[in-house]
Amino acid sequence: MIIKKRQLFIDSPYVFSQTKATEDPTELFKKAEQELRDAHEQANQIINEAQLKAKQIIENAKKDSQSILEKSKKEAELAQSQMKATVQTLNKIVEEFRKQLNSKIADISNELTEILHILTKKMAYREINKVDYQKKIENILSKIIGMSNIKVTMNTEDFESFPQIVEQFKSLGMELVKSAALKRGEIIVDTEIGVIDGTNQYLTQIIDQLLEEAFGSEPTS
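About the cut-offs
Residues numbered from 1 in each chain as written. Predicted model: local features only at pLDDT ≥ 70, side-chain atom pairs only at ≥ 80, totals over all residues. Heavy atoms only, no water. Core = buried A, V, L, I, M, F, W, Y, C linked by side-chain atoms within 4.5 Å. Buried < 20%, exposed > 50% of the residue type's maximum accessible area, 1.4 Å probe, protein only. Helix = DSSP H or I, 4+ residues; strand = E, 2+ residues; numbered from the N terminus. Pairing = 2+ DSSP bridges. Axes fitted to C-alpha atoms, helices over the stretch in contact; angles between N-to-C directions. Patch = residues over 30% accessible without salt bridge, like charges linked within 9 Å, V, L, I, M, F, W, Y side chains within 5 Å. Areas by Shrake-Rupley, 256 points an atom, 1.4 Å probe, with all protein chains shown as cover. Salt bridge = Lys/Arg side-chain N within 4 Å of Asp/Glu carboxyl O. Arc of directions from axis to C-beta. Contact = heavy atoms within 4.5 Å. Lys, Arg positive; Asp, Glu negative; His and termini not counted. Polar contact = N/O pair within 3.5 Å; in protein donor to acceptor, adjacent residues only side chain to side chain. Parallel < 35°, antiparallel > 145°, perpendicular 65-115°, else oblique. Nonpolar A, V, L, I, M, F, W, Y, C, P; charged D, E, K, R; others polar.

1. As for the nonpolar core
If you look at soluble globular proteins, the nonpolar side chains tend to sit buried side by side. Val-152, Met-154, Phe-169 and Ile-187 are the most contacted members of the largest nonpolar core, which totals 16 residues. When contributions to this core are tallied by element, the ones reaching two or more residues are helix 2 (133-144), strand 1 (151-155), helix 4 (163-171) and strand 3 (187-190). Ranked by the residues each element gives to this core, the list is headed by helix 2, at five residues.

2. A look at the sheet that holds strand 2 (residues 175-179)
Read from one edge to the other, the open sheet built from four strands follows the order 2-1-3-4, with strand pairing classed as mixed. Looking at which strands have only one partner, the edges of the open sheet turn out to be strand 2 and strand 4 (195-197). In this sheet, adjacent strand axes meet at a mean angle of 15° when their direction is disregarded.

3. Regarding a nonpolar patch on the surface
A surface patch of nonpolar side chains, about 300 Å² in accessible area, is lined by Phe-97, Leu-101 and Ile-105. Looking at where Ile-105 falls in the secondary structure, it is placed in helix 1 (residues 25-130). Since its relative accessible area comes to 45%, Ile-105 is described here as partly exposed.

4. Regarding helix 4
If you check which residues of helix 4 are buried, you get Ile-165, Val-166 and Phe-169. Down the axis of helix 4, the buried side of the element spans an arc of 100°, and every buried residue falls inside it. For helix 4, the elements touching its buried residues are helix 2, strand 1, helix 3 (156-161), strand 2 and strand 3. Phi turns positive one or two residues past the end of helix 4, at Gly-173, with a value near 75°.

5. Focus on the side chain of Glu-186
Secondary-structure assignment places Glu-186 in the loop between strand 2 and strand 3. It turns out Glu-186 is buried and unbridged, and the closest side chain with the opposite charge, Lys-183, is 5.3 Å from it. Polar contacts involving the side chain of Glu-186 include one to the main-chain amide nitrogen of Lys-183, which spans 2.8 Å.

6. Considering the packing of helix 2 against helix 4
Taken N-terminus to C-terminus, the directions of helix 2 and helix 4 make an angle of 10°; their axes are 11 Å apart at the nearest point. Here helix 4 runs roughly parallel to helix 2, going by the angle between their axes. Touching Tyr-133, Gln-134, Ile-137 and Leu-141 of helix 2 are Gln-164, Ile-165, Gln-168 and Phe-169, all from helix 4. Taken together, the residues of the contact of helix 2 with helix 4 break down into five nonpolar, three polar and no charged.

The values reported here are purely geometric and, on their own, carry no functional implication.
Given below as structure tokens:
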């Protein structure tokens, strides 16, 4: 067997090839574990940062919502206060208007009552003046038929103007008295059971009573 030997030349370079050594499985496992831990830490860091940001966003949202809620509440309270003040002002205006209206109505009512009182008296007196004196006497006689001790007081001018009535009273046995204090058309009859007052003053009292019943207060004269 012939073995050839490589000739070596001192001045010629020679590169020796080296075979790459196979890595240790234990080292590879440790390296993988470290990389897994690093990845897990990075993931945890990302999750923590995301949770922190989310928490911050939620806190900011809560603060904003609370601020909006408080602002809305203050605006609502202010609006309610303004509305309440407006209602109170309107109530005062309405109450003052009601008082003034009631006062004005009372004044007008008093004035109307006084005017009505005057007109009623004038109308009553006018109607009395229209009534025939003879009819007035006949009405009185119809009330005193059968009575005795009757005293009749007449106006002086009526006594002279109505002799037939005077004679009629005398024929019935009545006492006749002339009075200048009575006005024309007035007559007073004293009977055993009472007085028949045919004067305007008595009529005025009747009218006042009727007006008092109608309006609840006695009108001034």
